[in-house]
Amino acid sequence: MLVPRALRSLLCVLSCAWLRTGAASRLKAPALPIQSEREPVPSKGLSGCSFGGRFYSLDDTWHPDLGEPFGVMHCVQCHCEPQKSRRGKVLGKVNCKNIKQDCPDPDCDDPVLLPGHCCKTCPEDNSDKKQTDSVLDPFEYFHEKSKEKEDDLHKSYNDRSYLSSEDVGPEESRTDFIAVLTGVTDSWLPSSSGVARARFSLTRTSLAFSITYQRMGRPSKIAFLDSDGTTAFEYRVSKGQSDMICGIWKNLAKPLIRQLQSEQMRIRMTTLMNRGEEVEGKIIKHRALFAETFSSTLTSEEENSGMGGIAMLTLSDTESNLHFILILQGLIKDKDPLLVPIRVQLVYRQHILREILANITSHDPDFAEVLTDLNSRELFWLSRGQLEIAVATEGQDPRQISGSITGRKSCDTIQSVMSSGDALTPGKTGGVGSAIFSLHDNGTLDYQVQVAGLTSDVVGLTIELKPRRRNKRSVLYDLTPEYNKATGRAVGGWSRMEARHIHMLLQNELFINVATAHSQEGELRGQIKALPYSGLEAPRHELPTPLAGHFVSPPVRTSASGHAWVSVDRQCHLHYEIVVAGLSKTDDLTVNAHLQGLAEIGEIDDSSTAHKRLLTGFYGSQAQGVLKDISVELLQHLDQGTAFIQVSTKLNPLGEIRGRVHVPNNCDLGTRGEVEEAEFDDLFVKDPEELKKDPHTCFFENQHHAHGSRWTPSYDKCFSCSCQKRTVICDPVICPVLTCPRTIELDSKCCLVCDGCYFEGDQKMHAPGTAWHPFVPPFGYIKCAVCTCKGSTGEVHCEKVTCPVLTCSHPVRRNPSDCCKECPEEERTPTGLEHGDMMQADGPRHCKFGKNYYQNSDNWHPWVPLLGEMKCITCWCDHGVTKCQRKQCPLLTCSNITRREGSCCPECTGEKLIHTHTHTHTHTQKAYS
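Before going into details, it helps to say that this report is about the structure given with it. (Residues numbered from 1 in each chain as written. Predicted model: local features only at pLDDT ≥ 70, side-chain atom pairs only at ≥ 80, totals over all residues. Heavy atoms only, no water.)

### Quick look at the overall build of the protein chain
Working step 1: Counting secondary structure elements, the protein chain contains eight helices and 68 strands.
Working step 2: A buried classification covers 47% of the 929 residues belonging to the protein chain.
Working step 3: Sequence-distant contacts, at least 24 apart, represent 58% of the contacts inside the protein chain between residues at least 6 apart.
Working step 4: Of the roughly 46700 Å² that the protein chain leaves accessible, carbon and sulfur atoms contribute 49%. (Helix = DSSP H or I, 4+ residues; strand = E, 2+ residues; numbered from the N terminus. Buried < 20%, exposed > 50% of the residue type's maximum accessible area, 1.4 Å probe, protein only. Contact = heavy atoms within 4.5 Å. Areas by Shrake-Rupley, 256 points an atom, 1.4 Å probe, with all protein chains shown as cover.)

Printed below as a string of structure tokens:
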């Protein structure tokens, strides 16, 4: 029996031994028409636990997700416990326990059980606790702003895409950090004049970073240092002209995450161009990061001073007050007294506009203040990036740092998906709008917008505020004059953006609206918001592929839409990032982790399903990943622009939104799974000057090679050389033994490759990518299996045929050689054939679930370890196939929803139930064998 992978893991935890990294058994599922790309296997030597097809670091905790229809087990908590083996190696062991008995007793008479929780809690007091910013301490203002963001404005109009804390699921929770990097005085390199600002976002075990720098050359490497000063991660910076560095550190170990959270880590940047420079700083949390919309990097005119700082600024929501926080490094010296007087100035072209005198302490040099009532000229200069902030010490030895104030910079992408479901008057048109934006230091906002699938001509394309009343829109900027009807696009720049509008843009408070002749108030609408940098190799500066129901075959009138960035790298791996809006959500409000959509990629021609691949299932509004092992045909379709990306849902399993993808590539031979190591090393080429200074570098064939690198020497492609601490070792390439009779020689390869596959059964050659029923003497053709030829390796891969599930009581096999049975003509009905995932040919008629066997037509409530019998889920045996279904619950329209203990469905509390109904469509079933 094949049960959901996470359920297998939970069953195994109670009876299996160690779950080691890479050592957990991988149970192979029967071949499906579409196969999902598995998550990357953890790096060799990385300790942790494998559970349900996912990898967890040591000391990670999680609630197991058993998949449909079981969902997330909120009352079960699993822990990856570090354990030592007999040889002293640290391994991970999964331990799961029921945490319901640990729930505290609520301190109220009528506790409620909220969806997605295990323990009952007291109803929250939603009294309005807002304060005006005029009475707040400057530090507290930033903190209060982050809380207000979660307490949305009243929603008397639609705009349901407005970002709130409810939209952020557990997988999307993130923690932000900041660091100021200045010259290091105790380094073997001379102190630097450079100053860098680094901003970090931690999501699960990945740390994305955006770094800007001034008064220094482009860094060659970035090192993350742990509490002992040891390099925990090193990032090689690619060559480029931009002053922005974007990167990501994946698979942080749990101990390092704890150090990061407790502010024990540092970051160091080094450049070895011309003369060596090094800047370093401490990574800290800061509550001002959430509200920051303007920023400044402060540098000193003094050479090699080691001084610097940053200013984080934000405007008041209702008044023209500019709040700021300064983080200073090196400005205050050890010899300075405990209290140091400073002078903070707001400057325009060397003219002092505002000045603040204050005292700061040498042990806590951070400073916060508010500049009140900025006039129209000051706000104009702020929007154009023409204001400076300067900080100077008073006394006999004055020191000063200063910098220009601009809109906040990051590697995130400012984008918007416009859907009919998010229009002020929601609809289902199947149309789509997609937009990307770029904010410059001078306040200009460049935009690229595309629309498709509309019901009528565009009459208005506008950037707007969130309306205070349903039918009173607040238009800020009209893009309509730039709209080209022939292309469906608008490209241009908003050059007169006010400081208030920049602030709102970077706080995700602006919207883009598409009005048409049939929908004058707007057929499509979307929130303009930042898409966090994820490290994927996709060109976000280019317009993404629009996804719409209009492009599905046949077209679907849906409220949803989306867009996707797709690229193919040197190894012919496909990188993708998908953003959707308006997708229909699951009926069961108590399980938030149900897959909201399934994304796949394939050919435009639906008649062939051979080259269709499942990309991912996703929960919220976006999905991303890398797809490897792509067929030659699919890569060719991507190159020719005849491929598509499609998102399917429970309501539209054959496709809800779709878009045509064109990704030019040179992958004529398919995915290069075995990339030459020398080619891989080329991606991380070190600076020649840096290589010369490294004592472990090798010099060979007039080139320097880094320690540990491998390459093919120019004198013979059939040798492979490596550098091991100044020693070059070259070995002959050992070619694999090929079983095919016909081989070909490629110019770039040493070894011969198969020109197709040779199959012993029929003693024939088969072309790469072809499929056939195997011939096995003396039985003849085996129609219950299909074999395929895998490219240049000459490997033949055979799988069982998937047969349909039959609804008749007496199926027959028409010919002895047939694999699948059929219903007799007299028993065949219009619904006599249904698609099934499992094979029915001569299989057992009973079902096995857990340790129990069930006869055909038996039904039962499944038993799950630690939780016992799941009374809200019913399973039954259907001709050897186990199917399970969660009890369907009515859709509630009340705002206060809870669930009584022992009840399967949520209920309304504290108010009258206005309206309930149950969806009439068939609930998706999950089949297991």
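That was the structure; now back to the text.
### A short note on the nonpolar core
Working step 1: Counting 55 residues, the largest nonpolar core has Phe324, Leu326, Val344, Val391, Phe437, Val449 and Ile512 as the members making the most contacts within it.
Working step 2: Built from parts of two domains, this core gets at least three residues from each of domain 2 (175–407) and domain 3 (416–530). (Core = buried A, V, L, I, M, F, W, Y, C linked by side-chain atoms within 4.5 Å. Domains from an automatic or database assignment.)

### Things to note about the sheet that holds strand β19 (residues 351–361)
Working step 1: Spatially, four strands are ordered β19-β18-β21-β22 in an open sheet, and the strand pairing comes out antiparallel. Each edge of the sheet is formed by a strand with only one pairing partner; in this case those strands are β19 and β22 (400–404). Taking each pair of neighbouring strands and ignoring which way they run, the sheet shows an average axis angle of 15°. (Pairing = 2+ DSSP bridges. Axes fitted to C-alpha atoms, helices over the stretch in contact; angles between N-to-C directions.)

### Quick look at the pattern of salt bridges
Working step 1: Using the criterion set out here, one finds 22 salt bridges in the structure.
Working step 2: For aspartate 59, the salt bridge identified is with arginine 258, shortest N-O distance 3.4 Å. Note that aspartate 59 is positioned in the loop between β2 (54–57) and β3 (61–62) and arginine 258 in helix α3 (residues 254–261), a separation of 199 residues in sequence.
Working step 3: Since its relative accessible area comes to 22%, aspartate 59 is described here as partly exposed.
Working step 4: The class for arginine 258 is partly exposed, based on a relative accessible area of 42%.
Working step 5: Residues arginine 236 and glutamate 234 are paired through a salt bridge, measuring 2.8 Å at the closest nitrogen-oxygen approach. (Salt bridge = Lys/Arg side-chain N within 4 Å of Asp/Glu carboxyl O.)

### Focus on helix α4 (residues 376–383)
Working step 1: Among the residues making up α4, those that are buried are Glu378, Trp381, Leu382 and Ser383.
Working step 2: Two to three positions downstream of the cap, the backbone nitrogen of arginine 377 sits 3.1 Å from a side-chain oxygen, assigning the N-cap of α4 to asparagine 375.
Working step 3: Looking one or two residues past α4, glycine 385 carries a phi angle of roughly 70°, positive in sign. (Polar contact = N/O pair within 3.5 Å; in protein donor to acceptor, adjacent residues only side chain to side chain.)

### Let's talk about the pairing of strand β9 (residues 221–225)
As a general feature of sheets, a regular strand has side chains that alternate between the two faces.
Working step 1: Of all five residues making up β9, four are buried, and the element is well covered by its neighbours.
Working step 2: The pairing of β9 with strand β10 (residues 231–236) spans five bridges and is classified as antiparallel. If you follow lysine 221 over to β10, its bridge partner there is arginine 236.
Working step 3: Taking the residues between adjacent antiparallel strands as the criterion, β9 and β10 are bridged by five residues, where glycine 229 takes a positive phi near 85°.
Working step 4: Of the pairings in the sheet, the one linking β9 to strand β12 (residues 266–271) comprises five bridges and is antiparallel in character. Of the residues in β12, the one forming a bridge with isoleucine 222 is methionine 269.

### Concerning helix α5 (residues 499–506)
Working step 1: Of all eight residues in α5, seven are buried, a share of seventy percent or more.
Working step 2: Where α5 is concerned, the buried positions are Ala499, His501, Ile502, His503, Met504, Leu505 and Leu506.
Working step 3: Of the residues one or two after α5, asparagine 508 is the one with positive phi, at around 60°.

### A look at the packing of aromatic side chains
Working step 1: This structure, assessed with the given rule, holds 12 aromatic pairs.
Working step 2: Between the aromatic rings of tyrosine 56 and tryptophan 62, the centroid separation amounts to 3.7 Å while the plane-to-plane angle is 5°, which identifies the pairing as stacked.
Working step 3: Ring plane angle 55° and centroid distance 5.5 Å describe the contact between phenylalanine 209 and phenylalanine 224, whose orientation is recorded as tilted. Taken as a pair, phenylalanine 209 in strand β8 (residues 206–214) and phenylalanine 224 in strand β9 lie far apart in primary sequence, 15 residues in all. (Phe/Tyr/Trp six-rings, centres within 6.5 Å; stacked < 30°, edge-to-face > 60°.)

### Topic: the state of the cysteines
Working step 1: Scanning the entire structure with this criterion turns up 14 disulfides.
Working step 2: Two residues share a disulfide in this structure: cysteine 246 and cysteine 411, whose sulfurs sit 2.0 Å from each other. Taking the sign of the S-S torsion, -90° for the link of cysteine 246 and cysteine 411, the bridge is left-handed. Placement of the pair is cysteine 246 in strand β11 (residues 244–249) and cysteine 411 in the loop between β23 (406–407) and β24 (413–418), with a sequence separation of 165 residues.
Working step 3: Using a relative accessible area of 9% as the deciding quantity, one classes cysteine 411 as buried.
Working step 4: Here cysteine 894 connects covalently by a disulfide to cysteine 908, the sulfurs 1.9 Å from one another. (Disulfide = S-S within 2.5 Å.)

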